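Given next are the chains, with one letter for each unit.
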Amino acid sequence: MASIGLLLSCASPQKQAVIEAPTASTPSAAPPSSTSNGPSVVNQSKSRWVKSNWSDLPGVENDNLNEAWAAWLQSCSRNAVASSALCQTIKRLDGQSVANQRAWLIQNFQPYRVESLQSTPNPANGLLTAYYEPVLEASKVSKPGFTVPLYSPPANLKSRSPWYTREEIGKLPAAQNALKGKELAYLADPIDAMILHIQGSGRLWVTQADGSRKQVRLAFAGTNDQPYQSIGRWLLDQNLTKDATWPGIKAWLAQNPKRTQELLAKNPRFVFFKEEALTAQDALLGPKGAQGVPLTAGRSIAVDPGSIPYGSPVWLVSQGPQTQLQRLVIAQDTGSAILGAVRADFYVGSGDAAGELAGRLKQDMKAWVLLPR
């Protein structure tokens, strides 16, 4: 089995060193064996992987692997791995029949069930949530109805050095002076700004001086290195609402507008952005994740890289009221709240419909990392 290597990342300060998945051999004629070479357990810093059989993975015969191939090809676009044997084979199999792709996958990869290092009754059970790319109306200048600023990083921001909290940014002259001239755009709703901060990127519709409309992308560019705290969780803990989804939070604020700043301050973490132009091709792709490649809706996940390395193919299973998943996904992102062994954030796409699913998805999951034989 190939070893897992560490490569330095050129991603944003929030992201960790990129841990690339190992490479695999090209297809061979011999059928896979349940006793194929490879350790029975592979230990990671935050998880252990237990050797499994392909028959243990629900839904393997039914997944449309061509959709997953699109995400896998994005991981293979990185210069560090583009010429590897694995990526060359993935490129050759692109567009071939699902049956051929499945046969190659089963022939060349060994599934390992991801488990927690903690002693629990069900170490393979974990939590799946979802995230998306908001699409919001914005103004390039502050004006009535658009007064909530989105900022690029201040000059004195340092990685891994806590800066002013969200509340201090709104109140302290020193923080406001440091952000003067860093305004990228203005939103109408402070909760939409909070959503954008939590999702880490988004698209803005802005009206130009000539009246034309233009869509731009705001990508993650850094944080104040303060801890993330859920404002929905705070509302639940205070017994102020029973609906901590974004629609529920907005409904509560509509009834309690004077408590807006109090609520926002409960999350001290603040995110800074950079503006990216959207070409016609870019508009078809998701934002870039921590691996440095565009995310693919329904096929990219954010993970704790201490449990699952970036670029790893993962068989994801989650059965719940919001969605039924039995599919191949690729680990291509991370997030400040995505911590733990069996933990994933499922990228569901852009816009309001994706946001509705992302705001409600919270259900059990299991995951198998696929390692080359």
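Residues numbered from 1 in each chain as written. Predicted model: local features only at pLDDT ≥ 70, side-chain atom pairs only at ≥ 80, totals over all residues. Heavy atoms only, no water.

Engineer: Honestly, the nonpolar core in this entry has me stumped. Any pointers?
Structural biologist: In a soluble, globular protein the nonpolar side chains are often hidden away together inside. In terms of nonpolar packing, the biggest core is built from 39 residues, with Leu128, Ile191, Ile249, Leu263, Ile301, Leu316 and Phe346 touching the most fellow members. Other than its neighbours up to four places away in sequence, Leu263 contacts Ile231, Trp234, Leu235, Ile249, Trp252 and Leu253. Trp54, Val60, Val81 and Val317 belong to the second largest nonpolar core, which has 24 residues in total. (Core = buried A, V, L, I, M, F, W, Y, C linked by side-chain atoms within 4.5 Å. Buried < 20%, exposed > 50% of the residue type's maximum accessible area, 1.4 Å probe, protein only. Contact = heavy atoms within 4.5 Å.)

Engineer: Explanation requested: the state of the cysteines in the structure shown.
Structural biologist: Joining two cysteines, a disulfide is a covalent bond between their sulfur atoms. By the definition in use, this model includes one disulfide. Across the disulfide, Cys76 is cross-linked to Cys87 (sulfur-sulfur distance 2.1 Å). Between Cys76 and Cys87, the S-S dihedral sits near -85°, and the bridge is therefore left-handed. Of this pair, Cys76 sits in the loop between α1 (65-75) and α2 (85-93) while Cys87 sits in helix α2, placing them 11 residues apart in sequence. The two residues Cys76 and Cys87 agree in class, both being buried. (Disulfide = S-S within 2.5 Å. Helix = DSSP H or I, 4+ residues; strand = E, 2+ residues; numbered from the N terminus.)

Engineer: Looking at this model, I keep getting lost on the packing of α1 against helix α3 (residues 98-108). Mind explaining?
Structural biologist: In a packed pair of helices, the relevant descriptors are the angle between the two axes and the axis-to-axis distance. In contact at an axis separation of 9 Å, α1 and α3 are set at 65° when each is read in the N-to-C sense. Along the contact surface, α1 presents Leu65, Asn66, Trp69 and Trp72, while α3 presents Val98, Gln101, Arg102, Trp104 and Leu105. Residues of the contact of α1 with α3, tallied by class, amount to six nonpolar, two polar and one charged. (Axes fitted to C-alpha atoms, helices over the stretch in contact; angles between N-to-C directions. Nonpolar A, V, L, I, M, F, W, Y, C, P; charged D, E, K, R; others polar.)

Engineer: Mind showing me how you'd approach α1 here?
Structural biologist: In an α-helix, one turn spans 3.6 residues, which is why side chains three or four residues apart end up on the same side. Among the residues of α1, those classed as buried are Leu65, Ala68, Trp69, Ala71, Trp72, Gln74 and Ser75. Looking at the buried positions of α1, the neighbouring elements they touch are α2, α3, β5 (109-115), β13 (300-303), β14 (313-319) and β15 (324-333).

Engineer: Whenever I open this one, the pattern of salt bridges confuses me. Can you help?
Structural biologist: All chains considered together, the criterion is met by 15 salt bridges. For Glu167, the salt bridge goes to Lys171, with nearest N and O atoms at 3.1 Å. Of this pair, Glu167 and Lys171 both sit in helix α4 (residues 166-171), four residues apart, roughly one helical turn. Its relative accessible area of 59% is what places Lys171 among the exposed residues. The partner of Arg233 in a salt bridge is Asp237, with the nearest N and O atoms 3.1 Å apart. Taken together, the residues Arg233 and Asp237, both in helix α7 (residues 231-237) and four residues apart, mark about one turn of the helix. Judged by relative accessible area, which is 43%, Arg233 ranks as partly exposed. Through salt bridges that share partners, Arg48, Arg113 and Glu115 make up one connected network. (Salt bridge = Lys/Arg side-chain N within 4 Å of Asp/Glu carboxyl O.)

Engineer: So what exactly am I meant to see when it comes to helix α10 (residues 352-360) here?
Structural biologist: Buried within α10 we find Ala354, Gly355 and Ala358. Projected onto a plane normal to the axis of α10, the buried residues spread over an arc of 100° and lie on a single side. Projecting away from the buried face of α10 at angles above 90 degrees are the exposed residues Asp352 and Ala353. Residues of α10 that are buried in the fold lie against β6 (126-133) and β16 (343-350). (Arc of directions from axis to C-beta.)

Engineer: It is not clear to me how the sheet that holds strand β11 (residues 213-223) should be interpreted in this structure. Could you clarify?
Structural biologist: Working definition: the strands of a sheet are paired by backbone hydrogen bonds and lie parallel or antiparallel to each other. Strand order in the open sheet formed by four strands is β7-β10-β11-β12, with mixed pairing between adjacent strands. Across the chains shown, the open sheet's two edge strands, defined by having one partner strand only, are β7 (135-138) and β12 (271-277). Strand after strand, the sheet turns through a mean of 35° between neighbouring axes, direction not considered. As paired strands, strand β10 (residues 202-207) and β11 are joined by six bridges and run antiparallel to one another. Residue pairing for β11: Val206 is matched across the bridge by Lys214. (Pairing = 2+ DSSP bridges.)

The values are spatial; any link to function lies outside them.
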